[in-house]
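Chain by chain, the residues run as shown.
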Amino acid sequence: MCVRNAYTLLYYKHAQRYRKNSIDTKINSIYSSFDIKIVNFVKQIINKRSHNPLTTTIMDYEPIVNNLAQQVFDALAPRITPEDMERVRKAYLLAKEAHAPQKRKSGEPYILHPIAVALIVAKELQLDANTVITAFLHDVVEDTPYTVEDIRQRFGNDVAGLVNVVTKQKKETYQTTKQVDNYQQILASLHYDIRAVMVKISDRLHNMRTLQSMRPDKQMKIAGETDCFYAPLANR
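Just so you know, these numbers come straight off a predicted model, no measurement behind them.

This next bit is on the overall build of the chain. Looking only at helices and strands, the chain has twelve helices and zero strands in total. Counting over 236 residues, the chain shows a buried share of 48%. Long-range contacts, defined here as pairs at least 24 residues apart, represent 65% of the contacts in the chain between residues at least 6 apart. Summed over its atoms, the accessible surface of the chain is roughly 12400 Å², and 54% of this surface lies on carbon and sulfur atoms.

With that settled, the discussion passes to helix 9 (residues 148-166). Helical geometry note: an α-helix holds 3.6 residues per turn, so side chains three or four residues apart project in the same direction. In this model, helix 9 (19 residues) spans only 11 Å end to end at C-alpha, well below the 27 Å of a helix rising 1.5 Å per residue. Along its length, helix 9 reaches its greatest deviation from straightness, about 140°, at Gly156. Every buried residue of helix 9 is accounted for by Val148, Ile151, Phe155, Val159, Ala160, Leu162, Val163, Val165 and Val166.

One pass over the structure, following the stated rule, counts five aromatic pairs. Seen in terms of ring centroids, Phe229 and Tyr230 are 5.0 Å apart; in terms of plane orientation they differ by 90°. Their pairing is edge-to-face. Of the residues examined, Phe229 reaches a relative accessible area of 12% and is grouped as buried. One aromatic cluster in this structure is built from Phe73, Tyr92 and Phe136. Across the ring face of Phe73, the terminal group of Arg89 is positioned such that the distance to the ring centre comes to 4.2 Å.

Computed from the structure, the largest pocket encloses a volume of approximately 660 Å³. Around the largest pocket sit 26 residues that line it, and Tyr110, Lys168, Asn207, Lys218 and Ile222 are the ones nearest its centre. Contributions of two or more residues to the lining of the largest pocket are made by helix 8 (140-143), helix 11 (195-209) and helix 12 (216-235). Ranked by residue count, the leading element in the lining of the largest pocket is helix 12, at five residues. A breakdown of the residues in the lining of the largest pocket according to their chemical character gives six nonpolar, seven polar and 13 charged.

It is worth spelling out helix 7 (residues 129-137) at this point. Across the nine residues that make up helix 7, a large majority, nine, are buried. Every buried residue of helix 7 is listed here: Ala129, Asn130, Thr131, Val132, Ile133, Thr134, Ala135, Phe136 and Leu137.

Relative to each other, helix 6 (residues 112-124) and helix 7 sit at 160°, their axes nearing to 7 Å. The angle between the axes of helix 6 and helix 7 places the two elements in the roughly antiparallel class. The handedness of the crossing between helix 6 and helix 7 is right-handed. On the side of helix 6, the interface is formed by Pro114, Ile115, Val117, Ala118, Val121 and Ala122, while helix 7 contributes Thr131, Val132, Ala135 and Phe136.

Turning next to the pattern of salt bridges. On inspection of all chains with the given rule, the structure shows ten salt bridges. Here Arg215 makes a salt bridge to Asp217, at a shortest N to O gap of 2.9 Å. Exposure remark for Arg215: the relative accessible area of 52% places this residue in the exposed category. Taking the relative accessible area as the measure of exposure, Asp217 reaches 46% and is therefore partly exposed. Between Glu225 and Lys221 there is a salt bridge, with the nearest N and O atoms lying 2.6 Å from each other.

Okay, the confidence of the model for the chain next. As a general rule, the predicted coordinates of low-pLDDT regions are not to be interpreted in detail. When pLDDT is averaged along the chain, the result is 80, and 72% of the positions lie at 70 or above. With pLDDT under 50 throughout, residues 3-31 is counted as low confidence; its partners more than four residues away or in other chains account for 49 contacts. Taken as a whole, residues 45-56 scores under 50 in pLDDT and shows 22 contacts with residues more than four places along the chain or in a different chain.

Calculation notes
Residues numbered from 1 in each chain as written. Predicted model: local features only at pLDDT ≥ 70, side-chain atom pairs only at ≥ 80, totals over all residues. Heavy atoms only, no water. Helix = DSSP H or I, 4+ residues; strand = E, 2+ residues; numbered from the N terminus. Buried < 20%, exposed > 50% of the residue type's maximum accessible area, 1.4 Å probe, protein only. Contact = heavy atoms within 4.5 Å. Areas by Shrake-Rupley, 256 points an atom, 1.4 Å probe, with all protein chains shown as cover. Expected span 1.5 Å × (residues − 1). Bend = angle between axes of the 7 residues up to and from the residue. Phe/Tyr/Trp six-rings, centres within 6.5 Å; stacked < 30°, edge-to-face > 60°. Lys NZ or Arg CZ within 6 Å of the ring centre and 35° of its normal. 1 Å grid on protein atoms, 1.4 Å probe; cavity = no way out; pocket = protein on both sides within 12 Å on 5 of 7 lines; lining within 4 Å. Points joined across faces, edges and corners; volume = space filled by probe spheres on them. Nonpolar A, V, L, I, M, F, W, Y, C, P; charged D, E, K, R; others polar. Axes fitted to C-alpha atoms, helices over the stretch in contact; angles between N-to-C directions. Parallel < 35°, antiparallel > 145°, perpendicular 65-115°, else oblique. Left-handed = near helix turned anticlockwise from the far one by under 90°. Salt bridge = Lys/Arg side-chain N within 4 Å of Asp/Glu carboxyl O. pLDDT = per-residue confidence, 0-100.

Here it is as structure tokens:
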């Protein structure tokens, strides 16, 4: 089996501990990759909202969202043109508008996830402007009314092609299963461009970093997929 017994036991124990975690522990885990100032800011917001993060409004998160987005821009600034920076900012604004009604399981605005993925791509992987744009937009076609053609008209063929690869295709019938077809689509892209795979790995990395906001069974599913597919792929 891909998920070995010890690995499975570890995640079951993690799932049990999750129920007992304090608000401080959850926030420190979710934001472990970000500046400590942001962590403290989130704590202050939650303390003001009677220690319940699910009651925090989108407006409460606005300074956090803007701060994280600025980190992406700052990471890119030394190596891209002003024209490309403008395109990156437009991608961020489109993602922010498209995901505005959505929240993550933790109760946070969904836009925090695309920003976090873009930050990994821009700062940790040091990739180009179009890959960062794709990171901002990687869930837009799948989860909102926007289409790949909308992306093409705004950001060109290169970005549209990358977004298309990272988007799970909706079909009436699948060759095998939806998940396996998605894996095949990702692997097929390696023949001509590695950037889409880097966005998918960054996406999965952030999902793993914030895993404890999910139900235990969902944690096991995501961890299993990571162990079987994404970790070996990243190791190559």
